[in-house]
Amino acid sequence: MFLRAQLSSQLATIIDFIITIGLAKLFSVYYVYATFAGSFFGGIVNCIVNYKWTFRPENCKKINIVIKYILVWCGSLFLNVGGTFLITEAITKVIYIQNIFGHYLDNLFIFSKILVSLAVAFFWDYKIQRIFFYIKHEKKIFFKSRK
């Protein structure tokens with residue numbers, strides 16, 4: 001299940017980064033707004049793939065999953081957007097980094113987004129989704145297979 005969750009997360013991350021970088025670089029959208037849009041649509045992909053393929057809950061009502069997902073997703077959006085903003089702004093204010101990277105500072109948000117996305121994926125998304133959404137389903141499978 002962990003590997004399926006990671007594949008689902010990678011697919012959502014690809015969607016997220018394509019949207020984020022596309023908006024920021026091709027359409028000159030402020031990186032914070034682009035990060036929000038990318039995380040938003042990546043989250044939708046992640047929810048659908050996790051529901052249909054990763055966790056495959058048979059006895060969970062879709063409306064319950066959607067409500068729970070929105071709650072967890074808000075946390076994920078906040079962590080991704082806020083973390084990317086804080087790290088990017090902190091890094092760009094360091095004089096040493098300004099001297100080294102110069103005109104590449106406009107692309108530094110991508111590095112920050114990668115760091116934050118990895119941290120959020122490992123320490124928030126997978127654990128919360130597995131426990132908060134699908135724990136009842138897993139217990140039923142576990143007890144059925146032990147008989």
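Basis of the calculations
- Residues numbered from 1 in each chain as written.
- Predicted model: local features only at pLDDT ≥ 70, side-chain atom pairs only at ≥ 80, totals over all residues.
- Heavy atoms only, no water.
- Helix = DSSP H or I, 4+ residues; strand = E, 2+ residues; numbered from the N terminus.
- Buried < 20%, exposed > 50% of the residue type's maximum accessible area, 1.4 Å probe, protein only.
- Contact = heavy atoms within 4.5 Å.
- Areas by Shrake-Rupley, 256 points an atom, 1.4 Å probe, with all protein chains shown as cover.
- Phe/Tyr/Trp six-rings, centres within 6.5 Å; stacked < 30°, edge-to-face > 60°.
- Core = buried A, V, L, I, M, F, W, Y, C linked by side-chain atoms within 4.5 Å.
- Salt bridge = Lys/Arg side-chain N within 4 Å of Asp/Glu carboxyl O.
- Polar contact = N/O pair within 3.5 Å; in protein donor to acceptor, adjacent residues only side chain to side chain.

*Asks:* Teacher, can you tell me more about the overall build of the protein chain here?
*Replies:* If you tally the helices and strands in the protein chain, you get 6 helices and 0 strands. Of the regular secondary structure in the protein chain, the N- to C-terminal order runs α-α-α-α-α-α. Expressed as a percentage of its 147 residues, the buried residues of the protein chain come to 39%. Counting contacts in the protein chain only where the partners sit at least 6 residues apart, residues at least 24 apart contribute 77% of the total. Accessible surface for the protein chain amounts to roughly 9,400 Å². Of this, 72% is attributable to carbon and sulfur atoms.

*Asks:* How should I be thinking about the packing of aromatic side chains in this particular structure?
*Replies:* The relation between two aromatic rings is expressed through the spacing of the ring centres and the mutual angle of the planes. In the structure shown here, the tally under the stated rule is 7 aromatic pairs. Ring centres of Tyr69 and Trp73 lie 5.8 Å apart, and the angle between their planes is 40°; on these two criteria the pair is classed as tilted. You can see Tyr69 and its partner Trp73 sitting in helix α3 (residues 62-92), 4 residues apart, about one turn around the helix. Like Tyr69, the residue Trp73 is buried in the burial classification. Following the ring pairs from residue to residue traces out a cluster consisting of Phe36, Phe40, Phe41, Tyr69 and Trp73.

*Asks:* Looking at this structure, I do not really get unusual backbone geometry. What am I missing?
*Replies:* Of all residues except glycine, most have a negative phi; of all peptide bonds, most are trans. Despite not being glycine, Ser28 shows a phi value in the positive range, around 55°. Residue placement: Ser28 occurs in the loop between α1 (2-26) and α2 (31-54).

*Asks:* Would you mind going over the nonpolar core with me for this structure?
*Replies:* Buried together is how nonpolar side chains tend to be arranged in soluble globular proteins. In this structure, Ala24, Tyr31, Val32, Ala34, Val81 and Phe109 together form the largest nonpolar core, which totals 6 residues. Counting residues per element, this core draws most heavily on α2, which supplies 3 residues.

*Asks:* Any chance you could explain the pattern of salt bridges here in plain terms?
*Replies:* For side chains bearing opposite charge, pairing can occur when the charged atoms are close. By the definition in use, this model includes 1 salt bridge. As a salt-bridge pair, Asp16 and Lys113 come within 3.0 Å of each other at their nearest N and O atoms. Note that Asp16 is positioned in helix α1 and Lys113 in helix α5 (residues 108-133), a separation of 97 residues in sequence.

*Asks:* When you look at the side chain of Asn46 in this model, what are you seeing that I'm missing?
*Replies:* Structurally, Asn46 is set in helix α2. For Asn46, the side chain forms a polar contact with the side chain of Tyr69, separated by 3.5 Å.

In short, the description is geometric, and any link to function would need to be established separately.
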